[in-house]
Every structure is written in C-alpha cells, then in structure tokens.
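The chain contents come next:
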Amino acid sequence: MGDKQSSFITLLITAMILSGAANTIVYKLQNTSKVTVDGWEATNFNHPFMQAVTMFLGESLCILLFLNIKKKPDYKQGCIEAAAKGLKTKVNYGWVAIPAMCDLTASTLAYISLNYIPPSIYQMLRGGAIISTAIMSTCFLKRHIKRYQWFGCGFVLVGITLVGMSSFFFPPKKDNDDPDSSSEIGAAYFISVGLLLLSVVMNGLQFVSEEKLFDVYYLHPFEIVGIEGLWGFSVYVVLAIALTFIQCPTSMNNSCVQKQMTDMFYFERADLYFLQIFANGLLLFWVILGIFTIATFNICGVSVTKYVSSLARSLVDVSRTLIIWAVSLAITWIDPEAKWENTRWEAIVLELIGFFVLVTGNLIYNGTIKLKFLDEGSQVDPLNDAAQQFLDNKTGQSLQPS
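What comes next is a walk through the structure. What you see is a predicted model, and the numbers here were worked out from it, not measured in a lab.

## A short note on helix 6 (residues 119-126)
Piece 1. Here helix 6 lies mainly inside the structure; 8 of its 8 residues are buried.
Piece 2. Turning to helix 6, its buried residues number three or more, namely P119, S120, I121, Y122, Q123, M124, L125 and R126.

## Points about the state of the cysteines
Piece 1. Enumeration over the complete set of coordinates arrives at 1 disulfide.
Piece 2. A disulfide bridge connects C248 with C256, and the sulfur atoms are separated by 1.8 Å. Its torsion about the S-S bond being -90°, the disulfide of C248 and C256 is classed as left-handed.
Piece 3. Considering cysteine sulfurs only, C300 is the nearest to C62, which forms no disulfide, with 9.9 Å between them.
Piece 4. Residue C62 is classed as buried on the basis of its relative accessible area, which comes to 2%.

## A few points about the environment of L29
Piece 1. By the element assignment, L29 lies in helix 1 (residues 2-31).
Piece 2. Apart from the residues lying within four places of it in its own chain, the contact partners of L29 are W286 and W340.

## Examining the side chain of E351
Piece 1. Mapped onto the elements of the fold, E351 is located in helix 15 (residues 345-365).
Piece 2. A distance of 2.9 Å separates polar atoms of two side chains, one belonging to E351 and the other to S120.
Piece 3. Ignoring anything within four residues of it in the chain, the contact list for E351 reads S120, I121, M124, V163, S166, W325 and E341.

What counts and what doesn't
- What you see as residue numbers is a count from 1 along each chain, following the sequence as written.
- Selection of residues for local features in this predicted model requires a pLDDT of at least 70, selection of side-chain atom pairs for listing and counting requires 80 or more, and totals for whole chains, interfaces and linings are taken over all residues.
- With hydrogens and water stripped out, all remaining heavy atoms of the structure feed into the side-chain values.
- Exposure classes here rest on a 1.4 Å probe applied to the protein chains alone. A residue is buried below 20% of its type maximum, exposed above 50%, and partly exposed in between.
- The numbering of helices and of strands both runs from the N terminus, where a helix is a DSSP run of H or I of at least 4 residues and a strand a run of E of at least 2.
- What counts as a disulfide here is a pair of cysteine sulfur atoms lying within 2.5 Å.
- For this analysis, residues touch if any pair of their heavy atoms sits within 4.5 Å.
- Polar contact criterion, stated in full: a pair of N or O atoms within 3.5 Å, where within protein one must be able to donate a hydrogen and the other to accept it, and residues adjacent in sequence count only if both atoms are side-chain atoms.

In structure tokens:
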C-alpha cells in the first residue's frame, strides 16, 4: 500500500516537472512568433495579458473535472471523514480569491518578463520561490524553519544572483553596434528581472495561502485550481478589454502593442491577439497547448501542496530548469535568429555555476545534503517522507482512480 502511494507521489512530481517545462517553452514559442495580419508588417506576438487570460481559462476547465468527481461515492465518503477530522466541507470560495489574485499578479509579471529574458534565466530565478515560501510559511503557517534550511535559502539567493547577473556581466553579442539599442535592451532586462522576482514573492504567498486553505477546508485539487481559474478569468476578461483601449506612455512603446495601421500603442490589443492566432496555425497550436500544459502543471502543483507541502512544491519546481535550459540552447543553436539564450560561453559558465549553487541550496534545504554544524540529526528530506505524509494527510482523500 505504501509503495503504491509513494509511486503515486513520484508520478505526480514527474508530471509537474514535465508539464511545467513544456509550459515555459510553449509560452516562449508564442512570444518569439512573428505574424503577418492583413498585409500589415509582421510583428512579434506580445500579449502577456491575453496569455494570462488563456492560462486562467485552462485552470477554470478543471472545475468540469471536479463536478464529475463530486458525484462519485469516494468523494462523498471523503467529506464524511474530513468532517470527522474537523475540516469544513462547505467551502467559502471567497477565500480562494486570495491565492487566485496572487496567481494573477505573479503570472502577469512573469509573462511580461519572459518577453525580455532567456527561458533558462526565467526558470532559474523562479527557483527563488523557495525563499519567499519559507518566509511566508514562517509568518502565516507558523512553521519552524531550521537553521540548515535558512542556510540552504542563502545558497539559493547566491545562485539566483549569479544567474540574474550573467547577461549583465557577459551581454549577448548584437548584430549592430548601436549603443542606444544595447542600453535599451539592458534596461528592459533588469526591469524584467525585477518584475520576475516580484512575481516569485507573489508565488510564495499563493502557495502558502493554498496550504492554509487545505488546513481549514476539504478541497479537492481540481476544485481549488478550477475556482482559482474562474476568479482569475473573470477579472482578466474585464482587465484585458479595458487595457485594449488604454494607450501606453511614449516611453513604453517598445513594451506595448501597436494598433494596426496607426502609430498608437496600447497596453494590450485583444482584437490583434485573436487576429494573430487565427492567422497562424502553428501559433494557434502553441496557444491551445499552453492552455492544457498550464492546467496540468497547476493540478500537479496544488496536489503536491496538498499531499506534501508548499515548500516541497517550490523544491520540485526547480527541477524543470535543466530541461528548459537544454531545449532553449538547442533552439538557439539550431536557429540563430531565435536568440532564446545568451550563447556566450562566459555567460553559460556563470549560469551553470549559479544553477549548481541553486540546486545545492535546495538539497541543503530539504536535508539531502546534511551539514553537521547546522541542526545535526534533525535534517530530513520532505520528499522522501511524502508517502508517509500522504498516508497521514488531513482529509484522507485520494486522487487515485477507484
């Protein structure tokens, strides 16, 4: 029985890594697509707000799966067992708006930043979620973080700093020597890194607030992902339409969307978004694939939060970095016009060092690397204990098919 449940946790984590890696790559493929519409000059697909709409659409579809599960006897039995353990079975969905709004903010900032930084750096910096999640867990879940875990967080901080600075110390070679162009790209890079780090803070708050909800309510992972999706989709449909009519300041034109046949730039153009995806079959495929990969990733991520912990979710999320980096470098070398990654060997070496420091920090944090001078004898691996936590989870609910 224990082996079966341990295998289920392993399968869950594997699916989270693969769907997460695929999602980042798919969204970068969208952002690097150039589309010609009605003879208008080919333009980049730059729609971070509409991408967030599709993300929440994918999440909201999970509510349909939950409604089917809710009819099954296993779910009803789970409700009875949860009530006996003191969990509330009548959920106040207003509280789910908290992680949903955190997800909304984090996703918007992340999609904007992905337009201007390499996918590998994007994913490595997202590894900083372990720091924000640890701090939030201490503040809101009253969890005690041991000294060796803070030491691991310190390593993670050093790692993401090395990764974030790699393109500053060794900027990618340009096709021209225009100094204005170089400084403009440099400014966009640092602003994007700042936005991404802010999104990591919001991710930490999202993970911890979800875990807090699992402490109080009987929630199926499909249920919370679906409700979060409905919250985010409702807000973003209104926001995306509003931004379609709000002009950008002139200084932000390079980051905004140009209205066809005019010199005016807007924060978003929902009309152009649909024109572009239906004018390019491959782009439409990437958009649809993005919807399904983000839904799968979030279901797996919330399930890891429920059956293991929010901290374990942050640890697992780092593991997809190597896949993303390898694919991004391959695309850059195969198609130099893509320019997904900085291919200067100095930058790659610095990123590699930063990545290993980042992974080392995670291994120290979860107790895989034991440091005798820090909390000797108390270091445990939360992922190795996942099966036991699954056995003792608060609801007694199983995701496995009956």
